Amino acid sequence: MSTSTDRQRRLVWDLPVRLFHGLIVVCFAGAWLSSESERQALLHETLGYTLAGLIVWRLVWGLVGTRHARFGDFVTGPGAVLRYLKNVARRTPEHHVGHNPASALAIVVLLVLGLVLGASGWALQQDVGGEWVEGVHELAANVFLLTAVAHVVGVLLASRMTGENLPRSMVDGLKIAPPEQAIRSSWRSVAALLLAAVLGFWVLQWRDAAAPADDGAVASAAPAAGDED
């Protein structure tokens, strides 16, 4: 928690964390919207696996990343969460340079649910587990959505109470922070590698899916040519 009167905005969120947030929104929204369509099964699968892969990456970055990206900086016990929520109810929320305790709780829940979605989705694709796995997958998706909505509402509420545009900070990486809590680098190279990995996976998924169809077209064309002879 920051008690500094310094109101200058400084770099707090590195670019990989900001990119992760954006990609998670795109992947979950796309997977959710394509979940009921057989024609969009490949899109649903691709976005689902991407989401799971991003979460695995975030777990690693939460251990080795920049100051406010690390779990040790923002994961707290239930007491801190309750104290923060009580202050919100009094309309006097604490100012945190990194994630506040309520946001931290939502993030942990989303990370766990994302792993459950990835594992259960893989099991369904492999025909493992039957209907109960499908039920787990649907339940995890619904709770993920509700948690994400609650997280967004909480961020907007905290923004209004503190007078700091928190959604903007996740775009430009800047928050009100004392000099000693700012980070030195945005780590653009890591963000570039993360984006390249995601795009590369998407290309491989669609290329592999298109290859059997092309082979089938060639095979079906060969007998036809023989018939003409």
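See the structure above.
Residues numbered from 1 in each chain as written. Predicted model: local features only at pLDDT ≥ 70, side-chain atom pairs only at ≥ 80, totals over all residues. Heavy atoms only, no water.

For this particular structure, what's the right way to read a nonpolar patch on the surface?
A surface patch of nonpolar side chains, amounting to about 510 Å² of accessible area, comprises Val56, Leu59, Val60, Leu63, Val64 and Leu115. For the nonpolar patch, the element with the most residues is helix H2 (residues 41–64), which contributes five residues. Along the chain, Leu115 turns up in helix H5 (residues 101–125). Judged by its relative accessible area of 35%, Leu115 is partly exposed. (Patch = residues over 30% accessible without salt bridge, like charges linked within 9 Å, V, L, I, M, F, W, Y side chains within 5 Å. Areas by Shrake-Rupley, 256 points an atom, 1.4 Å probe, with all protein chains shown as cover. Salt bridge = Lys/Arg side-chain N within 4 Å of Asp/Glu carboxyl O. Helix = DSSP H or I, 4+ residues; strand = E, 2+ residues; numbered from the N terminus. Buried < 20%, exposed > 50% of the residue type's maximum accessible area, 1.4 Å probe, protein only.)

Help me understand unusual backbone geometry, please; the structure alone is not making it clear to me.
Glycine aside, residues mostly have negative phi, and peptide bonds are mostly found in the trans state. Located in the positive-phi region is Asp127, a residue other than glycine, with phi close to 60°. Looking at where Asp127 falls in the secondary structure, it is placed in the loop between H5 and helix H6 (131–162). A relative accessible area of 73% means that Asp127 is categorised as exposed. The phi torsion at Trp187 lies on the positive side, around 55°, for a residue other than glycine. With relative accessibility at 40%, the residue Trp187 sits in the partly exposed group.

How should the nonpolar core be read in this particular structure?
Soluble globular proteins tend to bury their nonpolar side chains together. Membership of the largest hydrophobic core comes to 35 residues, with the highest contact counts inside it found for Ile24, Leu51, Leu54 and Phe144. For this core, the secondary structure elements donating two or more residues are helix H1 (15–33), H2, helix H3 (71–74), H5, H6 and helix H8 (188–228). A total of eight residues in this core trace back to one element, the largest contributor, which is H1. When sequence neighbours within four positions are dropped, the list of residues in contact with Phe144 reads Ile24, Phe28, Leu51, Leu110, Leu113, Gly114 and Leu117. One finds Val88, Val155, Ala158 and Leu166 within the second-largest nonpolar core, a separate group that totals five residues. (Core = buried A, V, L, I, M, F, W, Y, C linked by side-chain atoms within 4.5 Å. Contact = heavy atoms within 4.5 Å.)

Would you take a moment to explain H2 for this structure?
For an α-helix, the turn length of 3.6 residues means that residues three or four places apart are oriented alike. Helix length check: H2 (24 residues) gives 35 Å between terminal C-alpha atoms against 34 Å at 1.5 Å per residue, within 8%. All of the buried residues along H2 are Thr46, Leu47, Thr50, Leu51, Ala52, Leu54, Ile55, Trp57, Arg58, Trp61 and Gly62. (Expected span 1.5 Å × (residues − 1).)

What's the story with the layout of surface pockets in this structure? I'm lost.
Sizing a probe to match a water molecule and rolling it over the atoms shows the empty space that remains. A volume near 920 Å³ is recorded for the largest pocket. Listed by contribution, the elements that provide at least two residues to the lining of the largest pocket are H1, H2, H5, H6 and helix H7 (166–172). With 10 residues, the single largest contributor to the lining of the largest pocket is H6. Residue composition of the lining of the largest pocket, grouped by class: 24 nonpolar, 11 polar and four charged. Within this model, the second largest pocket holds a volume of roughly 720 Å³. Contributing to the lining of the second largest pocket are 25 residues, with Ala31, Ser35, His44, Leu124 and His137 lying nearest its centre. Among the elements of the structure, H1, H2, H5 and H6 are those that each provide at least two residues to the lining of the second largest pocket. Of the residues assigned to the lining of the second largest pocket, the class counts are 10 nonpolar, 10 polar and five charged. (1 Å grid on protein atoms, 1.4 Å probe; cavity = no way out; pocket = protein on both sides within 12 Å on 5 of 7 lines; lining within 4 Å. Points joined across faces, edges and corners; volume = space filled by probe spheres on them. Nonpolar A, V, L, I, M, F, W, Y, C, P; charged D, E, K, R; others polar.)

Looking at this structure, how should I read the packing of aromatic side chains?
Two aromatic rings, taken as a pair, are described by how far apart their centres are and by the angle between their planes. Under the criterion given, the structure shown has six aromatic pairs. With 4.4 Å between their ring centres and 25° between their planes, Phe28 and Phe144 make a pair best called stacked. One end of the pair, Phe28, is in helix H1; the other, Phe144, is in helix H6, with 116 residues separating them in the sequence. Neither Phe28 nor Phe144 differs from the other in exposure class; each is buried. (Phe/Tyr/Trp six-rings, centres within 6.5 Å; stacked < 30°, edge-to-face > 60°.)

How should helix H4 (residues 78–89) be read in this particular structure?
An ideal rise of 1.5 Å per residue puts 16 Å on 12 residues; H4 measures up with 16 Å between its terminal C-alpha atoms. Within H4, the full set of buried residues consists of Ala80, Val81, Tyr84, Asn87 and Val88. Summarising the axial view, the buried residues of H4 lie within an arc of 130°, below the 170-degree limit, and thus occupy one face. Along H4, exposed side chains directed more than 90 degrees from the buried face belong to Pro78, Leu82, Lys86 and Ala89. (Arc of directions from axis to C-beta.)

I'm lost on the pattern of salt bridges in this one. Help?
Taken as a whole, this structure holds four salt bridges when the rule is applied. The salt bridge partner of Arg9 is Asp172, with a shortest N-O separation of 3.3 Å. Pair noted here: Arg9 is in strand S1 (residues 9–11) and Asp172 is in helix H7, with a separation of 163 residues, a long-range link. Exposure remark for Arg9: the relative accessible area of 27% places this residue in the partly exposed category. Put simply, Arg207 and Asp208 hold a salt bridge, and the shortest N to O gap is 3.7 Å.

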